[in-house]
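Breakdown of the fold
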Amino acid sequence: MTETIVLLDMTTPERADRLRALLPPGFVLTHGTARGEEHMKQIIADADYAIAGQVAVSGEVLRAARKLKLLHKWGVGVDNIDTATARELGIGVARTTGSNALAVAEFSIGLMLSALRFIGYGHAELKKGHWATGHMPGETFLLSGKTVGIVGFGAIGQNVAKLLKGFGCTILYAKRQPLSVAEEAALGVRYAAIDEILAQSDIVSLHCPLTPETTNLIDTKALAAMKKTAVLVNVARGGVVNEAELVIALRNRVIAGAAMDVYSVEPLPGDSKLLTLDNLVVTPHLAAMASDTFAPTVSRMFANMAHVSRGEPVPEKDFVV
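Let us look at the structure shown here. Owing to the predicted nature of the structure, the values given are computational and were not obtained by experimental measurement.

When helices and strands are counted, the protein chain shows twelve helices and twelve strands. For a compact globule of 321 residues, the expected C-alpha radius of gyration is about 20 Å, and the protein chain comes in at 21 Å, within 12% of that figure. Over its C-alpha atoms, taken along the principal directions, the protein chain stretches across nearly 65 × 50 × 35 Å. Within the protein chain, contacts between residues at least 6 apart in sequence are counted, and of these 60% link residues at least 24 apart. Carbon and sulfur atoms form 56% of the exposed surface of the protein chain, whose accessible area is close to 15300 Å². Here the protein chain carries 31 positive and 32 negative side-chain charges, and the mean point of each set is 3 Å from the other.

See the structure below:
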């Protein structure tokens, strides 16, 4: 019997073909062709398995599924999936823990460099025919030798720390449960409370999940506690930063700059005030995207679905509910 997997995100026919090339025997793949919950409800209705990339999956969408066995997150963060309703309906939820950690970590370093050196600004100005040398919106700074505060120190945060070693940075980190002394020594990092990270860091890089505790973690008060020369990087979740208060802080040069790949509303609306700032780098949720990780991640998702199809449990590291 053939089972159906649906990718709830919109995708191109070419990318869908890349996915199909990795399908195990006995599975077929369909995918989203439009945005919005009504479309997701239509395409999930007869699916045995579903994949969610950047789309939010509400309880209403899950209730439209007539025979769904497993909803698989393409990535790690499940804050935009109604896991309570999934549990109620007996729908399993899984994720690919750590699969995009290096891709996101490398992207984070890229955002740090872009924000510190106004790379994005210079690029945009030159495309408009303006030679911006000597006319940058602020001072430019090296990454080398700086103090970097990493908020959230799972697989991504730890990979960021490893990459920063080559820049000779002092690395502070915040985590619910601090690492052991031996683990800290191996990574060359030191645990610090969030207040110390904000006050001491030249770059604050966010890698924490979105929870009630981290929602609006970076607000007016937090931004005022940072150095005026500091840069904020957010590749975690949009809701970790109060975007309206960040706009005000960047306009008033409370901090020097910021870089964001995630937003409270995605896709980012074209009239967002975030798009009006010359000291903010914005990218459209690209951090996890790297062709190198495509096949391993997709194969792992499909393997988890095959486990469920055979009546086997999803491996513990990927199991959510």
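Further remarks concern the pattern of salt bridges. Counted by the stated rule, this structure contains 15 salt bridges. Here glutamate 88 makes a salt bridge to arginine 63, at a shortest N to O gap of 3.0 Å. Of this pair, glutamate 88 sits in helix α4 (residues 83–89) while arginine 63 is found in helix α3 (residues 59–63), placing the two residues 25 residues apart along the sequence. Here arginine 63 falls in the partly exposed class, since its relative accessible area comes to 48%. Each of the salt bridges in this network shares a partner with another, and the network as a whole consists of Glu38, Lys41 and Glu60.

Glancing now at the state of the cysteines. One covalent bond between the sulfur atoms of two cysteine residues makes up a disulfide. Applying the stated criterion to the full structure yields zero disulfides. Counting only cysteine sulfurs, cysteine 208 is the nearest neighbor of cysteine 169, a cysteine outside any disulfide, at a range of 20 Å.

This part takes up the packing of helix α1 (residues 13–20) against helix α12 (residues 291–309). Each pair of packed helices gets described by two things: the angle between the helix axes and the distance between those axes. Put simply, α1 and α12 touch, their axes get as near as 10 Å, and they point 55° apart. Here α1 lies oblique to α12, going by the angle between them. In contact with Arg15, Arg18 and Leu19 of α1, α12 contributes Ser291, Phe294, Val298 and Phe302.

This paragraph deals with helix α11 (residues 243–251). Among all positions in α11, only Glu243, Leu246, Val247, Ala249 and Leu250 are buried. Taken end-on, α11 shows its buried residues confined to a sector of 165°, consistent with a single buried face. Seen from the buried face of α11, the exposed residues on the opposite side, beyond 90 degrees, are Ala244 and Ile248. Buried-residue contacts for α11 involve α10 (220–225), β10 (231–234), β11 (257–260) and β12 (280–282). With a side-chain oxygen positioned 3.3 Å from the backbone nitrogen of alanine 244, the residue opening α11 is asparagine 242. Looking one or two places after α11, you find arginine 253, whose phi comes out positive at around 55°.

With 19 residues, α12 should reach 27 Å at 1.5 Å per residue; the first-to-last C-alpha distance of 28 Å fits that figure. All buried positions along α12 are accounted for by Phe294, Thr297, Val298, Arg300, Met301, Phe302, Asn304, Met305 and Ala306. If you follow the buried residues of α12, they end up packed against β1 (3–10), α1, β2 (27–32), β3 (49–52), β4 (70–73) and β5 (92–95).

Once that is clear, we can look at the side chain of serine 99. By secondary structure assignment, the location of serine 99 is in the loop between β5 and α5 (101–117). Judged by relative accessible area, which is 17%, serine 99 ranks as buried. Here the side chain of serine 99 touches threonine 96 through a polar contact of 2.8 Å, side chain to side chain.

Moving on, we come to the packing of aromatic side chains. Aromatic rings in a pair are described by how distant their centres are and how their planes are angled relative to each other. Counted by the stated rule, this structure contains five aromatic pairs. A centroid spacing of 4.5 Å and a plane angle of 25° characterise the contact between phenylalanine 153 and tyrosine 173, whose relative ring orientation is stacked. Within this pair, whereas phenylalanine 153 is found in the loop between β6 (147–151) and α7 (155–164), its partner tyrosine 173 is found in strand β7 (residues 170–174), the two being separated by 20 residues in sequence. Accessibility assignment for this pair places phenylalanine 153 and tyrosine 173 in one class, buried. By relative accessible area, tyrosine 173 is classed as buried at 0%. The ring of phenylalanine 294 carries the charged tip of arginine 18 above its face, separated from the ring centre by 3.9 Å.

About the thresholds
- Residues numbered from 1 in each chain as written.
- Predicted model: local features only at pLDDT ≥ 70, side-chain atom pairs only at ≥ 80, totals over all residues.
- Heavy atoms only, no water.
- Helix = DSSP H or I, 4+ residues; strand = E, 2+ residues; numbered from the N terminus.
- Rg over C-alpha atoms; globule rule 2.2 N^0.38 Å.
- Contact = heavy atoms within 4.5 Å.
- Areas by Shrake-Rupley, 256 points an atom, 1.4 Å probe, with all protein chains shown as cover.
- Lys, Arg positive; Asp, Glu negative; His and termini not counted.
- Charge placed at Lys NZ, Arg CZ, Asp CG, Glu CD.
- Salt bridge = Lys/Arg side-chain N within 4 Å of Asp/Glu carboxyl O.
- Buried < 20%, exposed > 50% of the residue type's maximum accessible area, 1.4 Å probe, protein only.
- Disulfide = S-S within 2.5 Å.
- Axes fitted to C-alpha atoms, helices over the stretch in contact; angles between N-to-C directions.
- Parallel < 35°, antiparallel > 145°, perpendicular 65-115°, else oblique.
- Arc of directions from axis to C-beta.
- Polar contact = N/O pair within 3.5 Å; in protein donor to acceptor, adjacent residues only side chain to side chain.
- Expected span 1.5 Å × (residues − 1).
- Phe/Tyr/Trp six-rings, centres within 6.5 Å; stacked < 30°, edge-to-face > 60°.
- Lys NZ or Arg CZ within 6 Å of the ring centre and 35° of its normal.

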